Amino acid sequence: MSADRVLSLSMRPKLLEDCVGQEDIVIGLENQFSSGRIPHFYILHGPIGSGKTTFARILAMALQLGPLPSSPFNIPSEIWAKYKKYDIKEINAANQNGIDDVRAIIESMKYMPIAPSKAKVVILDEAHQLTAAAQNALLTETEDVAKHVYFIFCTSNVSKIIPALQRRAY
C-alpha cells in the first residue's frame with residue numbers, strides 16, 4: 001500500500017451490499033430499480049462521513065448501466081475502472097455554487113449522453129451550499145426533467161435546501 005493513498009477513498013464501497021448500517025436506503029433503492037420506477041432527483045442527506053457520496057456514485061453507475069442480470073447495483077470492478085468514461089458530473093457545490101455554475105450544468109444536460117453512458121447524472125456534493133438563486137434555477141430542471149437526466153444532491157444540512165426542491169426529490 002502506498003503511503004500517500006487516502007484510505008477512506010481507496011476503501012470506499014462499490015456495491016450496495018458492502019455499505020454497512022444503511023439497510024433502509026439499500027432496500028429503497030433496490031425496490032425502485034426492481035419496480036422500474038426510478039426518480040430523476042434524489043437528495044441524500046446525513047451527517048458527514050455517512051456515505052452520501054458513496055451512495056451517489058453507486059446509484060450513478062447503476063443508472064448508467066441500466067438493468068443488469070442479477071442486480072443493477074452488482075457492478076463489476078472492471079466497470080468501476082471506467083467510471084470516468086461515463087457521463088457523471090461530480091460537482092462540489094462548496095466551490096461551484098452560483099447561478100452561472102448551475103446554468104452551465106443545465107445547458108450541458110440538454111444533450112443526449114454519449115456511449116457508453118445511458119444517462120447524464122449530476123452529483124452535487126455539499127448541495128446545501130448552493131445559493132438560493134442557483135437552487136431556484138434548478139426548480140424547473142428537477143420537475144420537468146428529461147428522460148436521460150438524473151440529479152443527486154448530497155448534503156449534511158438538508159434544511160438549507162429550499163422546500164420546493166425538497167418536495168421534488170426522493
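Predicted, not measured: the structure shown is a model, and the values here were computed from it.

Engineer: Would you mind going over helix α2 (residues 23-35) with me for this structure?
Structural biologist: For an α-helix, the turn length of 3.6 residues means that residues three or four places apart are oriented alike. Taking 1.5 Å per residue, 13 residues should reach 18 Å; α2 reaches 18 Å between its end C-alpha atoms and fits that length. Elements in contact with the buried residues of α2: β1 (41-45) and α3 (52-65). Residue Gly 36 follows α2 closely and has a positive phi angle near 80 degrees.

Engineer: Honestly, the pattern of salt bridges in this entry has me stumped. Any pointers?
Structural biologist: Between side chains of opposite charge, a pair can form as their charged atoms come close. Across all of its chains, the model carries five salt bridges by this definition. Here Arg 57 and Glu 90 are joined by a salt bridge, their closest N and O atoms 2.8 Å apart. Of this pair, Arg 57 sits in helix α3 while Glu 90 sits in strand β2 (residues 88-92); the two residues are 33 residues apart in sequence, bridging distant segments of the chain. When its relative accessible area of 34% is taken as the criterion, Glu 90 is described as partly exposed. For Asp 100, the salt bridge identified is with Arg 103, shortest N-O distance 3.7 Å.

Engineer: Just checking my understanding: could you explain the pairing of strand β3 (residues 120-125) for this structure?
Structural biologist: The side chains of a regular strand alternate, first on one face of the sheet and then on the other. Most of β3 sits out of view: five of its six residues are buried. Here five bridges tie β2 to β3, and the two strands are oriented parallel to one another. Across the sheet, residue Ile 88 finds its bridge partner in β3, namely Val 121. Taken together, β3, helix α6 (residues 132-143) and strand β4 (residues 149-155) form a β-α-β motif whose crossover is right-handed.

Engineer: Mind showing me how you'd approach the packing of aromatic side chains here?
Structural biologist: Two measures describe an aromatic ring pair: the distance that separates the ring centres and the angle between the ring planes. The full count for this structure, using the stated rule, is three aromatic pairs. On the basis of an interplanar angle of 80 degrees and a centroid distance of 5.6 Å, the ring pair of Tyr 42 and Tyr 170 is categorised as edge-to-face. Here Tyr 42 is found in strand β1, whereas its partner Tyr 170 is found in the segment after α7 (163-168), with 128 residues between them in sequence. By relative accessible area, which is 49% here, Tyr 170 ends up partly exposed.

Basis of the calculations
- Throughout this description, residue numbers start from 1 for each chain and increase along the sequence as written.
- For this predicted model, a pLDDT threshold of at least 70 governs which residues receive local features, and a threshold of 80 or more governs which side-chain atom pairs are given and counted, while totals over whole chains, interfaces and linings are taken from all residues.
- Side-chain descriptors were evaluated using all non-hydrogen atoms of the structure, hydrogens and water having been removed beforehand.
- Numbering goes from the N terminus for both helices and strands, where a helix is a DSSP run of H or I of at least four residues and a strand is a run of E of at least two.
- One fewer than the residue count of a helix, multiplied by 1.5 Å, yields its expected span.
- The contact definition used throughout considers only heavy atoms, calling two residues in contact when any of these lie within 4.5 Å.
- What makes a salt bridge here is a side-chain nitrogen of Lys or Arg within 4 Å of a carboxyl oxygen of Asp or Glu, nothing more.
- Classification of residues uses two cut-offs on accessible area relative to the type maximum, computed with a 1.4 Å probe and protein chains only: under 20% is buried, over 50% is exposed, and between them is partly exposed.
- Paired strands, as defined in this entry, are two strands with at least two bridges between them according to DSSP.
- Handedness of a crossover: with both strands directed away from the viewer, a clockwise path from the first strand across the helix to the second marks it as right-handed.
- Only Phe, Tyr and Trp rings take part, Trp by its six-membered ring, and two of them pair if their centres are within 6.5 Å. Stacked means planes under 30 degrees apart, edge-to-face means over 60, and tilted covers everything else.

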